[in-house]
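Commentary on secondary and tertiary structure
The residues making up each chain are set out below.
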Amino acid sequence: PRPRTKRRRGVGSRVGFHAHQAAMGGGGAACTLLALVVAATVVAGRAAHVGSGAPDAPTPVAAVQALIGRVLGGDKVTSFELTVTGAAGADEFTLSAPSSAAAATGAAVAISATTTSALSAGVGWYLKYYCNAEVTWGVDGTGDQLDLPSPLPTPATPHTQKSPVAFRYTWNVCTYGYSMAFWDWPRWERELDLIALQGVNYPLAFWGQEYIYAKVYTQLGLTEAELEEHFAGLAFLPWQRMGNMRRLGGPLTPDIRLARFNMQKQIVARMRGLGMTTVLPGFAGHVPKALARVFPSANITRSPDWGHFPDEYGMDYLLQPTDPLFPKLGGMFVKAVAEELGTDHWYQTDEYNELDPNCQSSDAAYLKAASASVMAGIKNGDPDGKWLMQGWLFHHDFWTHDAIEAYLSGVDDDDMMILDLNSDASPVYTYTDSYFGKPFVWNMLLNYGGRRGLYGDLHGISTKPLAVEANTSITMRGIGITPEAIENNPVAFELMLEMGWRTEPFSVTQWVANYTARRYACTGASGSRPCPQALQAWSLLLDGVYSNQGISVALWEQFPQLSLPVNTAPNATAVAEAARLMLAAGQSELPTPLPGPFLYDHIDVTAQSLSNLFADLHAMYETEYQRYQFGGQNSSVEVTAVGGAMLELLTDVDEFLGSNVNFLLGRWTAAARAWASTADEVGLMEFNARNQVTLWGHTGEINDYAAKWWSGLVGDYYQTRWALHINACIACLQSGTCPQRFPSYADYNQRVVDFEFGWSNETKVYPQLPSGDQMALGQALNDKYFAGNDAGYTLMPGTDAPFNDLLNSTQGLQAWTKDVAQLQFLCDLNPRCVGFNSNGYLKTYVGSTIASPANLWVKKSKMA
């Protein structure tokens, strides 16, 4: 681990210590000080945003005008005539021609809406569907395409869009680690503008809560040194909050806690100014070990093992919900949150995230009491408080149908909303009778750890929520996104958030075409700037990639081994062709300078295709080593050729990623270092940033879970790991000293782990700005990996050569790609390959052929 900063010890509250010692010493009676604290709870007024922490908010129209100014520039503010009606009922907005008075001062559109959130959504809808513009995720505004028409268009007829749901939610608690861990205020401001334009009205506001925890625990008598043993570092706070682990990446100093909380005040104020209802943190019972010193009679237990962390970091401490101290502490925490930030009366907390309760599944009384205690804590701090709970816990085996029902029965239906975290792929509401009557939010989870790559089910998310809305027996009350990380697959997030404003079926094919036109500043085949190649690329991606729920994990991100599983459900052939079309579109049919969203997609699609090709290279690499392992043949020539190509591909990918600011490791590490105020903290923050995306723990407890396609990470980390494996294989084959099962796993694993751990503790500064010409690099990649070698092959239509398949790996006998140019690339690498067929079978012999629906390509050098 990095050197720890000097501990700043606090003396704690001796009054609190003695009072609680006296009160709890006789069998767990309610503590005097806590009773006084709870009794003194200031009951906030019933209006939203009450409390000393709530600054004056701008008027709704002024807030949205400021949003327009930040996104479009101040000169565009007068183009919008804005009105908030405050009418009761479902949120809606109407776009129409402006009044004559507004038009006289330059207004092009009138937007009238029931709420501030709906008004912001109306602005976003106008930009997308009237101005062909795009505002979405991208570093430094590179996700925007704002080539606006001049003058701005006026709607020919009024258009009204209604939201079918009351809750339009965003973020997972893990998003605060995998994406937001090191954000500064400009990045937060950008994100809040973005979700406002999507009409989100219930965001999770989880930033900086450790300041409140420290305040409460210090009042109770804990010292700063004891808090250091509890709080994790910035990259790992979500899992410490949920009781999965502790301390990793710490200490979290008082200065950092205060700075984060001050930023939380800005975040909450901006959310509320934009008409959003903030979901603030609640109390789940995960407490510092030292709480047992202050409350020696309290029932504090160790949580179950999660991630196999050593004792120093794992098995956090849980104040049992059946202990009377639990709702009292919960009330203190919620009260402190409300006093500092004001409150909208919604609190999110997770008692058992991937942790089984301290009981049997059949113990209905305990489970009911457990949830009731969380709710009591919320009510003690805010009598109008409600609980927003992630339903992820119910995916684990402990939670039988009856156990779920018992747990949920501890809270009144009106006091709870459940986030069905993975509705698009693995819903829970379908087998729990809609959470036994509890209202829930239908969410798209999409990713784990924020892995890059292309994935998502656009067909599903464009139809399933509509079907659920139409079924009045289902208690869905909201639509949202709950990704573990954002800043990947923007098409899926944009569509999912738009479903919060869709009430009628629509063509997702046409939606994707419109999305393409917006991102690339083109208007389709009939418009003034057609982009047929870009549209064709996205048509291929929709059917070949964005029609399945599986995530294709890049093999280059995985711990190097001979046998690795591959999800070959996505269509690798379609992605290869889409990469070619993207390049061609950028060279011939899109405006210059090329729009930022296009450049992002060009990188993403090309890198995905090269990731798929790397999997095929690995299949060949595994096959060739197995010729030695199981057949006793020396395959060093083939392993050298294929292994060398794997490493060369990673070099090429790293350089290509480095040409776009959205794919730089240096942005992540620099953001982390910016939170440091001392030399020791610089190293600590760097460790947090590096460790999360690699080892995720000091010894790889959750290794590569949050892997990323970032320049610097691919070239310095993934490539080095693969080089260790490949070079060791080549060396042993050339010397003839390979053990039967090489590498010797104990020795090899240790060498790789030593490298991984060393890299986590390095402080090399990576570039924060892109380098190289992205399109020129894309052309070079095209020439190398996508152009093929037709001159070196003879095509034999309607012909195949049965058997004699070259590949025999974990992936199977076929290459994943069926793209002719990529198959030629693979065959050219291997001296044993003499040809291939259109089904992706590489051949070692083609002397015997048959008629077939397939086509056969044979190396001309092997024809004789």
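Scroll up to find the structure.
Residues numbered from 1 in each chain as written. Predicted model: local features only at pLDDT ≥ 70, side-chain atom pairs only at ≥ 80, totals over all residues. Heavy atoms only, no water.

A short note on the layout of surface pockets
Remark: the empty space left among the atoms is shown by a probe the size of a water molecule rolled over them. Considered as a void within the structure, the largest pocket measures approximately 780 Å³ in volume. Contributing to the lining of the largest pocket are 34 residues, with Val139, Trp183, Arg187, Glu487 and Arg667 lying nearest its centre. Elements with a minimum of two residues in the lining of the largest pocket: helix 7 (185-197) and helix 25 (665-673). Top contributing element to the lining of the largest pocket by residue count: helix 25, with four residues. Looking at side-chain class alone, the lining of the largest pocket contains 19 nonpolar, seven polar and eight charged residues. Considered as a void within the structure, the second largest pocket measures approximately 280 Å³ in volume. Residues that form the lining of the second largest pocket fall into these classes: five nonpolar, nine polar and two charged. (1 Å grid on protein atoms, 1.4 Å probe; cavity = no way out; pocket = protein on both sides within 12 Å on 5 of 7 lines; lining within 4 Å. Points joined across faces, edges and corners; volume = space filled by probe spheres on them. Helix = DSSP H or I, 4+ residues; strand = E, 2+ residues; numbered from the N terminus. Nonpolar A, V, L, I, M, F, W, Y, C, P; charged D, E, K, R; others polar.)

Thoughts on the sheet that holds strand 8 (residues 286-287)
Spatial strand order, 8-10-9: three strands in an open sheet with antiparallel pairing. The open sheet has two edge strands, strand 8 and strand 9 (300-302), and neither has a second partner. (Pairing = 2+ DSSP bridges.)

Here we look at empty space enclosed by the protein
Considering all chains together, one arrives at 12 cavities of 30 Å³ or more under this definition. Of the volumes computed, that of the largest cavity is approximately 150 Å³. Around the largest cavity, the lining comprises 15 residues; the ones closest to its centre are Gly124, Trp125, Lys128, Leu197 and Gln198. Elements with a contribution of two residues or more to the lining of the largest cavity: helix 5 (116-129) and helix 19 (490-498). A total of five residues in the lining of the largest cavity trace back to one element, the largest contributor, which is helix 5.

Some remarks on the state of the cysteines
Applying the stated criterion across every chain, the model contains two disulfides. Paired through a disulfide, Cys522 and Cys531 show a sulfur-sulfur distance of 2.0 Å. The disulfide joining Cys522 to Cys531 has a torsion of about 50° about its S-S bond and is therefore right-handed. Across the pair, Cys531 and Cys522 agree in class, each one buried. Paired through a disulfide, Cys827 and Cys833 show a sulfur-sulfur distance of 2.1 Å. (Disulfide = S-S within 2.5 Å. Buried < 20%, exposed > 50% of the residue type's maximum accessible area, 1.4 Å probe, protein only.)

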